[in-house]
Amino acid sequence: MFLRILLLLSVVGGSGRVAAAGIVLPKMPRGVAYVYGQPLNQVSISNTLLLLSKGKYSTHADTRLFSPGTSVCIYIPYQVLLSDSARNFLITGYQDRIQLFRREHNAWRKIRSAGKYVVADGGHEPQRAFVRLFDQFPDDSTTAFIAVCHKQNNYCFSELRADLVSAPQLVAWLSAFKASAETYPKISLPFFGISVTTIVLLLMKYALSRDPAYAFHAGGHTLFLLFFILLYYQYPVNIDDWPLKNPLIGIYLDKFFLFLSMSCLLLSIQFFYRSGKFAAFSKKVIGKLAVSSGVVAVLSPIAIHFTPRYYLVNNTCMVAATIIIGLLALHLVRIRSEITGAFRIIVLGLVCLICFVFAGFVLVLATYNQQQTGYEVQQAFPMLLGVGVSNLFIIAAFTKREHQIYQERVDLKAKAYEAEMSVVQKSLNPHFIFNCLNLIDSFLYVNNCKSARKVLFDFSDLLRLVIEKSPQGMIQLILASSDNLLTIKIDDNGVGIGSTSGPGHTQAAGRSHFGLSLTRKRLEIMSDVYQVNARIDITDKGHICKGTVVELVLPVITI
């Protein structure tokens, strides 16, 4: 216990050696030292000093040793400051949070905070990638500094470093770093332009057609565009341009917008597959996946609010996205025979977007410890490329869908017209024809030739209309006049009069035979009165050439 007290006294006092009972304690480092693997929260300065005194530190900055969910303590002794008193800034690189502690008169105290996620103070420019050590060079030889860098996220846009620089050197470094990121807005501008154009086009289509598919897809791509904007402002050089005071808003909302976008895009897919043997099942599955995406979108900012370990939320969301996309892929494989037309195009576009976004995320997560200045441009490029390519698929899919909707309307009208004509054709049964012929015969019997001719012409027009509009049946109407006789011949290619008298047609056949007997009786009377051969003959063509031939011979009476 006494030895431990002596060790702490040696650390606080700043002396390299303390002799007690003949024991020599190890020196504190005389150069910049790094203590890796410290807790993310509640870093103990006394424990850090103890590790330094025991020699458990590194003299090199190594980003690979700076893992997410940990902190690294950078120790800067007074001897390093003496080499150049003008170097009053410490460049650490863009870290999530930085806490600077200073020892004065054998007492350690926290003097300022910095980092990517520090809230901007209205009166001072936030220090994102550096911290100011002092305004005036300290006179106390026991002065030392410890900068504690916390890594809360697994997005790393800058390597870890500990460079002491003067004010002009800091300005030059910041200018070089910002210049390296100028490529991002240049390379993203065309893709953002394509996305905005696509969104405007979809909204215009929705305003004209009120089709929910356009609204859901426009909403999905708008949210996805907002996700990219938040991702853009998470790049360290853009944080100070963030319109809100707290940069953590971007961390809260990026996954919220991403999963809400996924939910809208999933809902829009339902409108591309509304008919088919799997339509009801597909609607149920995709609906559940869309609801799951919405639930993840709501839970992600809540989880970030309760834990500073943002990388855990990121990894959990990645797993959730993988599960949702995997289930969607299995569902699409199951209904692959139904993926045709516009549905196929929109599925290909969605698959393309998912593949590129996953490639970007994998690149970010797999290379978090290999960051170089400006490397974020390479990470964002796959995602931007996926957005641009998927927008082309969207335009093609909606164009194809409009053509399909137009074709469906044309087919529906054709079917309705065919159904209407089918009703007309079914009404032209033998009983109806015989009634028309009886009507003509009655007009001729009373010498009303004008009415008889009108009914005959109307009847012939009706038959001609049925012939013209019938997709399958054919009725020929032949009129001939000779020797004061009018011959009306009707030839069709239907089932034949023999079939109509078979099973299932007993009642209809009975009515037809009764009408036929009346017609023949009247024709016999007409033959006796006018001394002509008025008759009606009905011939069945047989099984080889189906159909019926009806021949009606009537006298022509001159008034």
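Residues numbered from 1 in each chain as written. Predicted model: local features only at pLDDT ≥ 70, side-chain atom pairs only at ≥ 80, totals over all residues. Heavy atoms only, no water.

(A) Expanded view of the overall build of the protein. Summing up its helical and strand segments, the protein has 15 helices and 14 strands in all. Taken over 559 residues, the protein has a buried fraction of 46%. In the protein, once contacts between residues fewer than 6 apart in sequence are set aside, the share between residues at least 24 apart is 74%. For the protein, the exposed surface amounts to about 28500 Å²; the carbon and sulfur share of it is 61%. (Helix = DSSP H or I, 4+ residues; strand = E, 2+ residues; numbered from the N terminus. Buried < 20%, exposed > 50% of the residue type's maximum accessible area, 1.4 Å probe, protein only. Contact = heavy atoms within 4.5 Å. Areas by Shrake-Rupley, 256 points an atom, 1.4 Å probe, with all protein chains shown as cover.)

(B) The arrangement of the pairing of strand β11 (residues 475-482) in detail. Bridge analysis of β11 against strand β12 (residues 485-492) gives eight bridges, and the strand direction is antiparallel. What sits directly across from Ala-480, in β12, is Thr-487. Linking two consecutive strands that pair antiparallel, namely β11 and β12, is a turn of two residues; a positive phi of about 55° is found at Asp-483 within it. (Pairing = 2+ DSSP bridges.)

(C) Region of the structure containing the packing of aromatic side chains. The final tally for this structure, using the stated rule, is nine aromatic pairs. An angle of 10° between the planes, with centres 6.1 Å apart, marks the rings of Tyr-34 and Tyr-36 as stacked. Here Tyr-34 falls in the buried class, since its relative accessible area comes to 5%. Summarising the aromatic geometry, the rings of Phe-224 and Phe-227 are spaced 5.8 Å apart at their centres and angled 45° between planes, so their arrangement reads as tilted. In this pair, Phe-224 and Phe-227 both sit in helix α6 (residues 212-234), three residues apart, roughly one turn of the helix. Each residue in the set Tyr-78, Phe-134, Phe-137 and Phe-145 is aromatic and connected to the rest through ring pairs, giving one cluster. Directly above the aromatic system of Phe-66 lies the positively charged group of Lys-151, at a separation of 4.6 Å from the ring centroid. For Arg-210, the ring lying beneath its charged end belongs to Tyr-206, and the centroid distance is 5.4 Å. (Phe/Tyr/Trp six-rings, centres within 6.5 Å; stacked < 30°, edge-to-face > 60°. Lys NZ or Arg CZ within 6 Å of the ring centre and 35° of its normal.)

(D) Structural view of the side chain of Arg-128. As for its position among the elements, Arg-128 is in the loop between β7 (107-114) and β8 (130-132). The buried category is assigned to Arg-128, whose relative accessible area is 5%. One polar contact links the side chain of Arg-128 to the main-chain carbonyl oxygen of Gly-115, over a distance of 3.2 Å. (Polar contact = N/O pair within 3.5 Å; in protein donor to acceptor, adjacent residues only side chain to side chain.)

(E) View of the packing of helix α8 (residues 279-306) against helix α9 (residues 310-334). At a minimum axis separation of 11 Å, α8 and α9 run at an interaxial angle of 175°. The angle between α8 and α9 places the two elements in the roughly antiparallel class. On α9, the residues that touch Phe-281, Ser-282, Val-285, Ile-286, Leu-289, Ser-292, Ser-293, Val-296, Ser-300, Ala-303 and Ile-304 of α8 are Tyr-310, Val-313, Cys-317, Ala-320, Ile-324, Leu-327, Leu-328, His-331 and Arg-334. In terms of residue class, the contact of α8 with α9 is made up of 14 nonpolar, five polar and one charged. (Axes fitted to C-alpha atoms, helices over the stretch in contact; angles between N-to-C directions. Parallel < 35°, antiparallel > 145°, perpendicular 65-115°, else oblique. Nonpolar A, V, L, I, M, F, W, Y, C, P; charged D, E, K, R; others polar.)

(F) Representation of the sheet that holds strand β13 (residues 535-540) within the structure. Pairing within the open sheet is antiparallel, and its four strands lie in the order β11-β12-β14-β13. Bordering the open sheet on either side are β11 and β13, each of which pairs with just one other strand. Neighbour-to-neighbour, the strand axes of the sheet open up by a mean angle of 10°, direction not taken into account. As defined by bridge partners, β13 adjoins strand β14 (residues 548-555) across six bridges and the pair is classed as antiparallel. Of the residues in β14, the one forming a bridge with Thr-539 is Val-549.

(G) Layout of the nonpolar core. Core analysis: the largest hydrophobic core is formed by 63 residues, its most contacted members being Phe-228, Phe-259, Leu-266, Phe-272 and Phe-343. Of all the secondary-structure elements, those providing two or more residues to this core are α5 (183-209), α6, α7 (248-270), α8, α9, α10 (341-366) and α11 (376-427). (Core = buried A, V, L, I, M, F, W, Y, C linked by side-chain atoms within 4.5 Å.)

(H) Broad picture of unusual backbone geometry. In the Ramachandran plot, Gln-42 falls in the positive-phi region, its phi being about 55° despite a non-glycine side chain. Examined against the element boundaries, Gln-42 turns out to sit in the loop between β3 (33-39) and α2 (45-53). One non-glycine residue, Arg-210, adopts positive backbone phi at about 55°. Topologically, Arg-210 is positioned in the loop between α5 and α6. Take Arg-210: its relative accessible area is 58%, and that puts it in the exposed class.

(I) Summary view of empty space enclosed by the protein. The full count for this structure, using the stated rule, is eight cavities of 30 Å³ or more. Space inside the largest cavity adds up to approximately 290 Å³. Lining the largest cavity are 22 residues, and of these Leu-258, Met-262, Ala-321, Val-357 and Phe-358 lie nearest its centre. Of all the elements in the fold, those that place two or more residues in the lining of the largest cavity are α7, α9 and α10. The residue inventory of the lining of the largest cavity, partitioned by class, reads 19 nonpolar, two polar and one charged. (1 Å grid on protein atoms, 1.4 Å probe; cavity = no way out; pocket = protein on both sides within 12 Å on 5 of 7 lines; lining within 4 Å. Points joined across faces, edges and corners; volume = space filled by probe spheres on them.)

(J) The arrangement of the pattern of salt bridges in detail. Tallied over the entire structure, the rule returns ten salt bridges. For Asp-62, the salt bridge is made with Arg-64, and the minimal N-O distance between the two is 3.2 Å. When the shortest N-O distance is used, the salt bridge between Glu-104 and Arg-109 registers 3.3 Å. Given a relative accessible area of 46%, Arg-109 falls into the partly exposed group. By sharing partners, the salt bridges in this structure join Arg-102, Glu-104 and Arg-109 into a single network. (Salt bridge = Lys/Arg side-chain N within 4 Å of Asp/Glu carboxyl O.)

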